[in-house]
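The chain contents come next:
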Amino acid sequence: MGLTITEKIFSEHAGKEVKAGDIVEVPIDMVIGNDITTPISIRAFRESGAKKLANPDGFSIVLDHFIPAKDIASANQAKISREFAWEQDMKNFFDEKDMGIEHALLPEKGLISPGDVVIGADSHTCTHGALGAFATGMGSTDLAYAMVTGGNWFKVPETIKVIFSGKLQEHVTGKDLILELIRQIGVDGALYQALEFTGDTIATLDMDSRFSLCNMAIEAGAKSGIIAVDDITREFLNSKNLARKPKEFYSDPDAKYVQTIEIDVENLEPVIAYPHLPSNGHSLSKAVEDQIRVDQVFIGSCTNGRLSDIEVASKIVKGKKVARHTRLIVTPATQKILEEATEKGFVKDLIDAGAVVSNPTCGACLGGYMGILADDEVAISTTNRNFVGRMGARSSKIYLSNSAVAAASAIAGKIARP
Amino acid sequence: MSKLEGAVWKFGDNIDTDLIIAARYLNTSDPYKLAEHVMEDADPEFAGKVKKGDIIVAGKNFGSGSSREHAPIALKYAGVSAVIAPTFARIFYRNSFNMGLPIFELEEGDEIEEGSKLSIDMDSGSIENLSNGKSYKFKPIPEFMQNLITAGGLMSYAKERVENE
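If you're wondering where the values come from, they're calculated on a predicted model, not measured in any experiment.

**Q** Please clarify how the overall build of chain A should be interpreted in this entry.
**A** The number of helices and strands found in chain A is 15 helices and 18 strands. Scaling as 2.2 N^0.38, a compact globule of 418 residues should have a C-alpha radius of gyration of about 22 Å, and chain A matches this with 20 Å. Considered along the principal axes of its C-alpha atoms, chain A spans approximately 60 × 50 × 40 Å. Counting across all 418 residues of chain A, residues that qualify as buried make up 65%. The long-range share in chain A, meaning contacts at least 24 apart out of those at least 6 apart in sequence, stands at 76%. Of the roughly 14300 Å² that chain A leaves accessible, carbon and sulfur atoms contribute 49%. Separation between the mean location of the 44 positive side-chain charges and that of the 55 negative ones in chain A comes to 3 Å.

Written out as structure tokens, the structure is:
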């Protein structure tokens, strides 16, 4: 019996063949913390008596959630990470000067390589699976354990193989593929399991879309999402000074899957997840028919804050105006994306249309700051979660979509077709 | 291990970590401040009503969403002694063990009514509803996790490593 790509990555790290269900302790290539989860890890690290990180180059802290500080408490919280980073002389510490949302920033910096085992104290760490790595979210204590020992324990997950086939229609993206999958299997449809994305649709999907797709694996309860390396991955990596040599693994033809799901996406429309679960997906046609007025449109986050998102949004709003009762907030995921979007004129087109373009931050996506919803307000957002109260007031409502639909909705003032 | 006893609070399916502790309160990791806002978006009065030792009985996929360890911390410091659900989201499951919030997988939780008194015997793996005498067996904790608990939690392994260096 063959092995899946995930089993192969774990086998390579464990130094022996391991299979789904085995519990292994393996070294970790990159451990990621952020401003809200790392302080608890640092506390646990100190309590363990440790003085030095076991693998300093394999640890990163990205201040992205509430930075630039939204209040005194957030400033004090960030200070804990800053002081730790300076004390440890950390190479991979990303503060305001160099900021970005962790799951966009690390791949951009070449800090994730194919074949890596990556953990982060952030549930959307699964994003990095788009580079053919095993990547999963954990809590702060698990992060601390990795800081002290350089590794952690894992139960090698079973895998669900998801085969997407067919050519995508215009304005249908990786975001729509994952929303469609979650619509079909539910928010716990892949609990504890890895999602392996494959098929001819994936073969033509650009990296931005692949990151969006893997990003929301957690929204189906999955431990990880993964796409094997191909020429599109290699091209993305070519321009980077990679921290580690890529190791390409591929699932064997006779690998064992717990389930195989085939989805023909030839006729798939953009998918809109209605409140209050990412699994509550409906077609864009239905959403347009439902005449859903929106108070706020948000384009950004680790799901959809990349250059192609900003580009498509700017092209859709260019020369038009955001509806009078609607606000459009655009948050590029990294400083580099913001810089490129500025150079290419995207930022100007957005601002001219009435958008506010912010610094990179996770802020609005999790109801932290920079775009909080008022009581009973309705938003369409390119983020990953539409839970009750996620972006603000408990009575507010969030519809999730791709960036093109969000931009068109800002102009129309209601959910609209791009 | 010992027995846990407390009154039941019921919640539905997919109680996510934003409901357990909203991100607007994550500008601190002070456990008592987090506890003041526990379950706020699921039941705004919960933090005021919950008493030390109380037990949450919820629907499937409890703790879904973010990896914030603040969620089990808020529950624990609000006095919640255990959470019972048919299934738990993976990261929450692991976090709860790591920070010492007992959680139990039980399919028949929907039979248990709010306000019932439960007694959980962690050694025998049983849950007794003291209000009506019914008893249940919770799904055994995986052996690996049991060993982890016996050893005093994940960070005790880390301490051992540091001391042996």
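**Q** What's the story with the overall build of chain B in this structure? I'm lost.
**A** A count of helices and strands for chain B gives seven helices and seven strands. Reading the secondary structure of chain B in the N-to-C direction produces β-α-α-α-β-α-β-α-β-β-β-β-α-α. What you see for chain B is a C-alpha radius of gyration of 16 Å, in line with the 15 Å of a compact globule of 165 residues. With respect to the three principal axes, the spread of C-alpha positions in chain B is 55 × 40 × 25 Å. Counting across all 165 residues of chain B, residues that qualify as buried make up 62%.

**Q** Is there a simple way to explain the environment of N304 of chain A in this structure?
**A** All names here are of chain A. Mapped onto the secondary structure, N304 falls in helix α11 (residues 301–304). Separated by 31 residues in sequence, N304 and Q335 have C-alpha atoms that sit 15 Å apart. Discounting residues that sit within four places of it in the chain, N304 has contacts with K175, S212, I299, D309, T382, S401 and S403.

**Q** For this particular structure, what's the right way to read the environment of T17 of chain B?
**A** Residues and elements named next belong to chain B. Following the sequence through the fold, T17 ends up in helix α1 (residues 17–20). On the accessibility criterion, T17 (1% relative accessible area) is buried. Between the C-alpha atoms of T17 and N95, which are 78 residues apart in sequence, the distance is 12 Å. Sequence-distant contacts of T17, that is, excluding residues within four places in its chain, are made with A22, G63, S64, G65, S66, R68, A71 and F92. A distance of 2.9 Å separates a polar side-chain atom of T17 from the backbone nitrogen of S66.

**Q** Where do I start with the side chain of S60 of chain A in this structure?
**A** Structurally, the position occupied by S60 of chain A is in strand β3 (residues 59–62). S60 of chain A sits in the buried class, given a relative accessible area of 0%.

**Q** Can you walk me through the interface of chain A and chain B in this structure?
**A** Frequently, the measure chosen for interface size is the accessible area that the parts lose on association. Listed per partner, the contact involves 51 residues of chain A and 44 residues of chain B. Overall, the association of chain A and chain B removes approximately 3900 Å² of surface from exposure, summing both partners, and the carbon and sulfur fraction of that is 57%. The interface formed by chain A and chain B includes four salt bridges. Notably, a salt bridge pairs R161 of chain B with E25 of chain A, separated by 3.0 Å at the nearest N-O pair. Our count for the contact surface shared by chain A and chain B stands at 25 residue pairs in polar contact (both at pLDDT 80 or more).

**Q** Please explain the domain arrangement of chain A as it appears in this structure.
**A** Residues and elements named next belong to chain A. Assigned domains of chain A: these are domain 1 (5–262) and domain 2 (273–412). Summing the contributions of domain 1 and of domain 2, the shared interface buries around 2700 Å²; its carbon and sulfur component is 60%. Viewed at the interface, domain 2 and domain 1 are joined by one salt bridge. The residue E219 makes a salt bridge to R385 at a minimum N-O spacing of 2.6 Å. Taken together, the links from domain 1 to domain 2 amount to 25 residue pairs in polar contact (both at pLDDT 80 or more). Looking at the side of domain 1 that touches domain 2, the elements that each hand over two or more residues are α4 (102–108), α6 (174–185) and α8 (207–215). Sorting elements by how many residues they give to the side of domain 1 that touches domain 2 places α6 first, with five residues. Taken together, the residues of the side of domain 1 that touches domain 2 break down into 14 nonpolar, eleven polar and eleven charged.

**Q** Hey, could you run me through the side chain of S116 of chain B in this one?
**A** Residue and element names in this part refer to chain B. Examined against the element boundaries, S116 turns out to sit in the loop between β4 (103–105) and β5 (117–121). Among the residues examined, S116 registers a relative accessible area of 7% and is labelled buried. Of the polar contacts made by the side chain of S116, one reaches the backbone oxygen of E113; its length is 2.5 Å. The residues contacting S116, other than those within four sequence positions of it, are G6, A7, V8, N129 and S131.

**Q** Is there a simple way to think about the pattern of salt bridges in this case?
**A** Opposite charge on two side chains permits them to pair, given that their charged atoms come into close proximity. Following the criterion strictly, the structure yields 31 salt bridges over all chains and no others. Among the charged side chains, a network of salt bridges with common partners joins R82, D95 and E96 of chain A.

**Q** Explain the packing of helix α2 (residues 38–47) of chain A against helix α3 (residues 72–87) of chain A here, please?
**A** Pairs of packed helices are described in terms of their axes, by the angle between the two and the distance that separates them. Residue and element names in this part refer to chain A. With their axes 9 Å apart at the nearest point, α2 and α3 run at an angle of 50° to one another. Judged on the interaxial angle alone, α3 and α2 are oblique. Here the hand of the crossing between α2 and α3 comes out left-handed. Contacts between α2 and α3 involve T38, P39, I42, F45 and R46 from the former and Q77, I80, S81, F84 and E87 from the latter. Looking at the contact of α2 with α3, its residues break down into five nonpolar, three polar and two charged.

Cut-offs used in this document
Residues numbered from 1 in each chain as written. Chains lettered and ligands numbered in written order. Predicted model: local features only at pLDDT ≥ 70, side-chain atom pairs only at ≥ 80, totals over all residues. Heavy atoms only, no water. Helix = DSSP H or I, 4+ residues; strand = E, 2+ residues; numbered from the N terminus. Rg over C-alpha atoms; globule rule 2.2 N^0.38 Å. Buried < 20%, exposed > 50% of the residue type's maximum accessible area, 1.4 Å probe, protein only. Contact = heavy atoms within 4.5 Å. Areas by Shrake-Rupley, 256 points an atom, 1.4 Å probe, with all protein chains shown as cover. Lys, Arg positive; Asp, Glu negative; His and termini not counted. Charge placed at Lys NZ, Arg CZ, Asp CG, Glu CD. Polar contact = N/O pair within 3.5 Å; in protein donor to acceptor, adjacent residues only side chain to side chain. Buried area = accessible area lost by both parts, 1.4 Å probe. Salt bridge = Lys/Arg side-chain N within 4 Å of Asp/Glu carboxyl O. Domains from an automatic or database assignment. Nonpolar A, V, L, I, M, F, W, Y, C, P; charged D, E, K, R; others polar. Axes fitted to C-alpha atoms, helices over the stretch in contact; angles between N-to-C directions. Parallel < 35°, antiparallel > 145°, perpendicular 65-115°, else oblique. Left-handed = near helix turned anticlockwise from the far one by under 90°.

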